[in-house]
Amino acid sequence: MNMVSTRMAYAVLSVLLLASSLPAAADVAPVQRDAAGNRLETLLLQGGQGPDGPERYCTADGQWCVQALPSAGEDQPASLEVAERADAEGEPQMRYVPIDVVDDGDLRVWPFIVRLAPGAGAGQAVADPQQAALQNVLVGGLVEARAMYSGGGASASTLHLARIRHLDDGIQVDADVLSVAWSANKMIRACFSERDFDQRAGACHDEYSFDAELALATEAQDMPVLRYQTGATNYPAGVSPQRDSLAKGRLTKKDLRTEQDAQCSYTRTFRFTSGAYQPDQPLPECSAYTEP
């Protein structure tokens, strides 16, 4: 592979890795409501606390704000700091959601919040009228992991949802009520000779992409019903990270297209059962896409 091809490959890889750390266009959705009155809202970026401070995201009314905090020390998890302002004049109440982050990984805010309908999401009867009147929510963090290879690199993120609810004895933080793959990009393989270049029809890298969306289902129950939809693609057509890209023989021009992976492009409905969200059917094996 010549110097120009090498520079172009790394330029493309840089773009892919950067894109994986930003919310996808499909993420920026309008407010969604279900039949029970639960609402999925976009959190608005407010900026950080100083040039090196974590980015803070808030609801449009300022009642809820979320920011991702790094680990405070060895063997300490990273966390989401969730600020709740029950009234415009009062001081915000701070809650912390612990989230484990892989070595050399990052935690960032999922830029959405699910605001539960009045009285929903507590999981038990709440006798204290002040506590019962407060809003329960779902907030999320995206844990990102990256890896570099001699022929490219990969990045992947996992969504972790937490529930914050108001009970008679105070605030309850349920740290991991849902964990699903969210976004991934992978670029592997390389051309090391003119023969490699010819055998691969000039497509020296295999590229893999995975993206997910989370929405409210229209049906209603005490906890929101969530619809999880994914899309996975590979380029060139017919390649797989689990086998040699030339196992099927020399690539041709007709292979130089992006192909959807039917197994890893799917939809599942998640319902809240026994303290966590469970899918309506098992998720397929897609670690070749979702793990860097």
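Further up the page is the structure itself.
These numbers come from a predicted model, not from an experiment.

Undergrad: Let's hear about the overall build of the protein: which residues, and what values?
TA: The helix and strand tally for the protein stands at 4 helices and 16 strands. A total of 292 residues make up the protein; the buried ones form 45% of that total. For the protein, the exposed surface amounts to about 14900 Å²; the carbon and sulfur share of it is 50%.

Undergrad: How would you explain the state of the cysteines if you had to name every residue and give the values?
TA: As enumerated under the stated definition, the model contains 2 disulfides in all. The disulfide that involves Cys58 links it to Cys65, with 1.9 Å between the sulfurs. Looking down the S-S bond of the Cys58 and Cys65 bridge, the torsion is 110°, so its handedness is right-handed. On the accessibility criterion, Cys58 (4% relative accessible area) is buried. Its relative accessible area of 10% is what places Cys65 among the buried residues. The disulfide that involves Cys264 links it to Cys286, with 2.1 Å between the sulfurs. Disulfide Cys264-Cys286: the torsion about the S-S bond is -110°, which places it as left-handed. Taken together, the positions of Cys264 in the loop between strand 14 (259-260) and strand 15 (267-273) and Cys286 in the loop between strand 16 (276-279) and helix 4 (287-290) put the pair 22 residues apart, joining distant regions of the chain.

Undergrad: Account for the pattern of salt bridges, naming residues and giving values.
TA: Scanning the entire structure with this criterion turns up 10 salt bridges. Measuring nitrogen to oxygen at the nearest pair gives 3.0 Å for the salt bridge that ties Asp61 to Arg115. Within this pair, whereas Asp61 is found in the loop between strand 4 (55-58) and strand 5 (64-69), its partner Arg115 is found in strand 8 (residues 106-115), the two being separated by 54 residues in sequence. The salt bridge partner of Arg95 is Glu84, with a shortest N-O separation of 3.9 Å. With Arg95 in strand 7 (residues 93-99) and Glu84 in strand 6 (residues 78-84), this pair connects stretches of sequence that are 11 residues apart. Glu84 shares its class with Arg95; the two are buried.

Undergrad: Break down the packing of aromatic side chains for me, with residues and values.
TA: If you walk through the whole model with that rule in mind, you get 6 aromatic pairs. For the pair Trp110 and Phe112, a centre-to-centre distance of 5.1 Å together with 50° between the ring planes defines the contact as tilted. Note on accessibility: Trp110 and Phe112 belong to one class, buried. With 5.9 Å between their ring centres and 75° between their planes, Tyr208 and Tyr289 make a pair best called edge-to-face. Taken as a pair, Tyr208 in strand 12 (residues 206-216) and Tyr289 in helix 4 lie far apart in primary sequence, 81 residues in all. Here the two residues Tyr208 and Tyr289 agree in accessibility, since each one is buried. Among the aromatic residues, those joined into a cluster by ring pairs are Trp110, Phe112 and Trp182.

Undergrad: Please give an account of the side chain of Asn136 that cites residues and values.
TA: Secondary-structure assignment places Asn136 in the loop between helix 2 (129-133) and strand 9 (137-149). By relative accessible area, Asn136 is classed as buried at 5%. Side-chain polar atoms of Asn136 contact the backbone oxygen of Ala120, separated by 2.8 Å. With residues up to four places along the chain from it excluded, the contact list for Asn136 reads Val114, Arg115, Leu116, Ala120, Gly121, Ala122, Ile164, Arg165 and His166.

About the thresholds
- Here, residues in each chain are numbered from 1, in the same order as that chain's written sequence.
- Only residues with pLDDT of 70 or above have their local features reported here, since the model is predicted, and side-chain atom pairs are shown and tallied only from 80 upward, although totals for entire chains, interfaces and linings are computed over all residues.
- As a convention, hydrogens and water are excluded, and side-chain values are obtained from all of the structure's heavy atoms.
- Numbered from the N terminus, helices here are DSSP runs of H or I no shorter than four residues, and strands are runs of E no shorter than two.
- Accessibility here uses a 1.4 Å probe with only protein chains present; expressed as a share of the type maximum, an area under 20% marks a residue as buried, one over 50% as exposed, and anything in between as partly exposed.
- All accessible-area figures derive from a Shrake-Rupley calculation using a 1.4 Å probe, and residue coverage is judged against the displayed protein chains alone.
- Pairs of cysteine sulfur atoms within 2.5 Å are what we label disulfides.
- By definition here, a salt bridge exists when the distance from a side-chain nitrogen of Lys or Arg to a carboxyl oxygen of Asp or Glu is within 4 Å.
- A pair of Phe, Tyr and Trp rings is counted when the ring centres sit within 6.5 Å of each other, with Trp represented by its six-membered ring. The angle between the planes then sorts it: under 30 degrees is stacked, over 60 is edge-to-face, the rest tilted.
- For this analysis, a polar contact is any N or O atom pair within 3.5 Å, provided that within protein one partner can donate a hydrogen and the other can accept it, and provided that sequence-adjacent residues contribute only side-chain to side-chain pairs.
- In what follows, a contact means two residues having at least one pair of non-hydrogen atoms within 4.5 Å.

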